[in-house]
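One-letter residues, chain by chain:
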Amino acid sequence: MIGERLVQKVSATRGFAKVAPHVIPVLDRAVHRISRGRTLLSAQLLPGVILTSTGARSGLPRRTPLACMPEGDGWLLVGSNFGRTGNPAWTHNLLGHPDAEISWKGRDIPVTARLLAGEERAAAWRALLGFWPPYATYQERVDREIRVFRLMRRTSGGTPAGTS
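Trainee: Looking at this structure, how should I read the overall build of the protein chain?
Mentor: Counting secondary structure elements, the protein chain contains 5 helices and 7 strands. Walking the protein chain from its N terminus toward its C terminus, one meets helices and strands in the order α-α-β-β-β-β-α-β-β-α-α-β. The contacts in the protein chain between residues at least 6 apart in sequence include a share of 62% that link residues at least 24 apart. Working note: accessible area of the protein chain is about 9,100 Å², and carbon and sulfur atoms make up 57% of it.

Now the structure itself:
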């Protein structure tokens with residue numbers, strides 16, 4: 001699809017990386033609020049969630065609109081920071097407090113986040129590159145390994161679904 005390729009090409013530019021972090025989250029939060037949690041503007045390009053995590057230092061709830069890759073009963077989140085230096089704050093929050101909540105298609109879902117490493121991260125990264133190729137450009141631009149988290153639904157007992 002030409003439109004999708006054009007969006008991918010634009011999203012891989014340094015100009016996009018400079019502007020998008022200041023514009024897209026603001027628009028996403030507004031559209032999400034107006035639609036009562038049913039819509040994210042950026043989800044017209046990629047699936048998205050609103051992540052509610054606990055601030056690593058403040059302990060306060062932090063709401064962040066993020067692109068995601070759904071997989072089975074979970075989601076992958078990429079701490080690409082639009083190819084800018086430094087890890088995004090939400091990744092620090094999940095490392096400090098892995099229990100979080102996402103708003104997915106108008107539903108609030110309790111989740112537990114896990115930072116992926118080794119072969120598990122490598123396999124997820126390959127899938128993510130097939131899903132959104134600009135992640136490769138983001139990785140080339142930064143001097144860190146981009147963090148990848150797997151979110152799994154939490155059961156009523158607090159453990160991720162599918163684990164014992």
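Trainee: Honestly, the pattern of salt bridges in this entry has me stumped. Any pointers?
Mentor: Considering all chains together, one arrives at 7 salt bridges under this definition. One salt bridge in this structure joins Arg150 and Glu71, with 2.3 Å as the shortest N-O distance. Placement of the pair is Arg150 in strand β7 (residues 147-153) and Glu71 in strand β3 (residues 69-71), with a sequence separation of 79 residues. Given the relative accessible area of 14%, Arg150 is considered buried. Residue class for Glu71 comes out partly exposed when judged on its relative accessible area of 24%. In this structure, Asp73 and Arg153 form a salt bridge, with 2.6 Å as the shortest nitrogen-oxygen distance. Separated by 80 residues along the polypeptide, Asp73 in the loop between β3 and β4 (74-79) and Arg153 in strand β7 bring together distant segments of the chain. Assessed through its relative accessible area of 24%, Arg153 is described here as partly exposed.

Trainee: Explain the sheet that holds strand β2 (residues 61-67) here, please?
Mentor: Strand-to-strand pairing in sheets goes through backbone hydrogen bonds, with the strands running parallel or antiparallel. Strand order across the open sheet formed by 7 strands is β2-β1-β5-β6-β7-β4-β3, with antiparallel pairing between neighbours. The open sheet has two edge strands, β2 and β3, and neither has a second partner. Averaged over all pairs of adjacent strands, the angle between strand axes in this sheet comes to 35°, irrespective of strand direction. Pairing of β3 with β4, which is carried by 3 bridges, proceeds in the antiparallel orientation. Opposite Pro70, over in β4, you have Trp75 as the bridge partner. Contacting β1 (48-54), β2, β4, β5 (99-104), β6 (107-115) and β7, helix α3 (residues 89-96) crosses the sheet at an angle of about 55° to β7.

Trainee: Is there a simple way to think about the layout of surface pockets in this case?
Mentor: A water-sized probe, rolled over the atoms, reveals where empty space remains. Empty space within the second largest pocket amounts to approximately 210 Å³. Those elements that place two or more of their residues in the lining of the second largest pocket are β2 and α3. The element contributing the most residues to the lining of the second largest pocket is α3, with 4 residues. Partitioning the lining of the second largest pocket into residue classes produces 4 nonpolar, 5 polar and 2 charged.

Trainee: I keep staring at the environment of Leu128 and nothing clicks. Help me out?
Mentor: Relative to the elements of secondary structure, Leu128 occurs in helix α4 (residues 118-131). Classification of Leu128 by relative accessible area gives buried; the value is 1%. If sequence neighbours within four positions are ignored, Leu128 has contacts with Met69, Leu76, Val78, Tyr135 and Val148.

Trainee: Hey, could you run me through the side chain of Arg150 in this one?
Mentor: A polar atom in the side chain of Arg150 sits 2.6 Å from the side chain of Glu120. Other than its neighbours up to four places away in sequence, Arg150 contacts Glu71, Trp75, Leu76, Thr112, Ala113, Arg114, Leu116, Glu120 and Ala124.

Quick notes on the rules
Residues numbered from 1 in each chain as written. Predicted model: local features only at pLDDT ≥ 70, side-chain atom pairs only at ≥ 80, totals over all residues. Heavy atoms only, no water. Helix = DSSP H or I, 4+ residues; strand = E, 2+ residues; numbered from the N terminus. Contact = heavy atoms within 4.5 Å. Areas by Shrake-Rupley, 256 points an atom, 1.4 Å probe, with all protein chains shown as cover. Salt bridge = Lys/Arg side-chain N within 4 Å of Asp/Glu carboxyl O. Buried < 20%, exposed > 50% of the residue type's maximum accessible area, 1.4 Å probe, protein only. Pairing = 2+ DSSP bridges. Axes fitted to C-alpha atoms, helices over the stretch in contact; angles between N-to-C directions. 1 Å grid on protein atoms, 1.4 Å probe; cavity = no way out; pocket = protein on both sides within 12 Å on 5 of 7 lines; lining within 4 Å. Points joined across faces, edges and corners; volume = space filled by probe spheres on them. Nonpolar A, V, L, I, M, F, W, Y, C, P; charged D, E, K, R; others polar. Polar contact = N/O pair within 3.5 Å; in protein donor to acceptor, adjacent residues only side chain to side chain.

All we've got here are geometric facts, nothing functional implied.
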